[in-house]
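# Notes for the structure review
Okay, here's what each chain looks like letter by letter:
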Amino acid sequence: MTPRKRRALALVAGLGLLAAAAALVLNALQSNLVFFFTPTQVAAHEAPGSGSFRVGGLVQEGSLKREADGLSLRFVVTDTVHSVPVVYRGLLPDLFREGKGVVAAGRLGADGVFQASEVLAKHDENYMPPEAADAIKRATAGARADDGASGSGAAQRAGADSESLAGTRPGALRADSQ
């Protein structure tokens, strides 16, 4: 075998190993990806029917119901336009409150109820996950456009509320939360 053929064979073998390693890494990333969806996207069936994802927004006022066992509870996540009922079994974060930002990770059941395996609450008064803050602003802007012709101020009030909940810096993280 000539040196030129040996180099070509080594190059082809190296590229094959690199392709195999890339395929393994991408497969591992694919199985660990968890995408974020808003209640509006869930209502539009943009969220996966099977597989886990995250849903985020605000905990709807008056929706928190605790079950008799003390660990199971139900609440509704809303982006001020659409809502998703959530069932969770476990301990809630200390900052979990009605009317505040939340992100729940889990799966959507066949009955349309989100079965949460994890619930995350916002860190402080100035923080909401950027995706949730943007989703609330987009949903509110869409509701304002729909209500603009009718002159209803409800969507405008909801927009002002969501902006105050999102804070002035929706992407800001506190140094101790990283």
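Below: a short report on this structure. (Residues numbered from 1 in each chain as written. Predicted model: local features only at pLDDT ≥ 70, side-chain atom pairs only at ≥ 80, totals over all residues. Heavy atoms only, no water.)

Attention now moves to the overall build of the protein chain. Regarding its fold elements, the protein chain presents 4 helices and 7 strands. Listed N to C, the secondary structure of the protein chain is α-β-α-β-β-β-β-β-β-α-α in terms of helices and strands. Expressed as a percentage of the 178 residues in the protein chain, the buried residues total 33%. At a minimum sequence separation of 6, the contacts of the protein chain that also span at least 24 residues come to 52%. By element, 56% of the accessible surface of the protein chain is carried by carbon and sulfur atoms, the whole surface being about 10,900 Å². (Helix = DSSP H or I, 4+ residues; strand = E, 2+ residues; numbered from the N terminus. Buried < 20%, exposed > 50% of the residue type's maximum accessible area, 1.4 Å probe, protein only. Contact = heavy atoms within 4.5 Å. Areas by Shrake-Rupley, 256 points an atom, 1.4 Å probe, with all protein chains shown as cover.)

Taken together, the side chains of L11, L15 and L18 make up a nonpolar region of the molecular surface, amounting to roughly 330 Å² of accessible area. Locating L15 in the fold gives a position in helix 1 (residues 3-32). (Patch = residues over 30% accessible without salt bridge, like charges linked within 9 Å, V, L, I, M, F, W, Y side chains within 5 Å. Salt bridge = Lys/Arg side-chain N within 4 Å of Asp/Glu carboxyl O.)

Within soluble globular proteins, side chains that are nonpolar generally end up buried alongside one another. The biggest cluster of nonpolar side chains holds 20 residues, and the ones touching the most others in it are F75, F96, F114 and V119. Looking at this core, the elements with two or more residues in it are strand 2 (53-59), strand 4 (72-78), strand 5 (83-89), strand 6 (101-108) and strand 7 (114-121). Ranked by the residues each element gives to this core, the list is headed by strand 7, at 4 residues. Not counting residues up to four positions away in its chain, the partners in contact with F96 are V59, L64, F75, V102, V119 and A121. (Core = buried A, V, L, I, M, F, W, Y, C linked by side-chain atoms within 4.5 Å.)

Before going further, it helps to examine the pairing of strand 6. Judged by how many residues are buried, strand 6 sits mostly within the fold: 6 of 8 residues are covered. Bridge count between strand 2 and strand 6: 6 bridges; the pairing is antiparallel. Its bridge partner lying in strand 6, G57 is registered against V102. Taken together, the 7 bridges between strand 6 and strand 7 define a ladder with antiparallel strand orientation. Following the sheet pairing, L108 is matched in strand 7 by F114. Taking the residues that link successive antiparallel strands as the turn, the strand 6-strand 7 hairpin has 5 residues, and the phi of G112 there is positive, at about 85°. (Pairing = 2+ DSSP bridges.)

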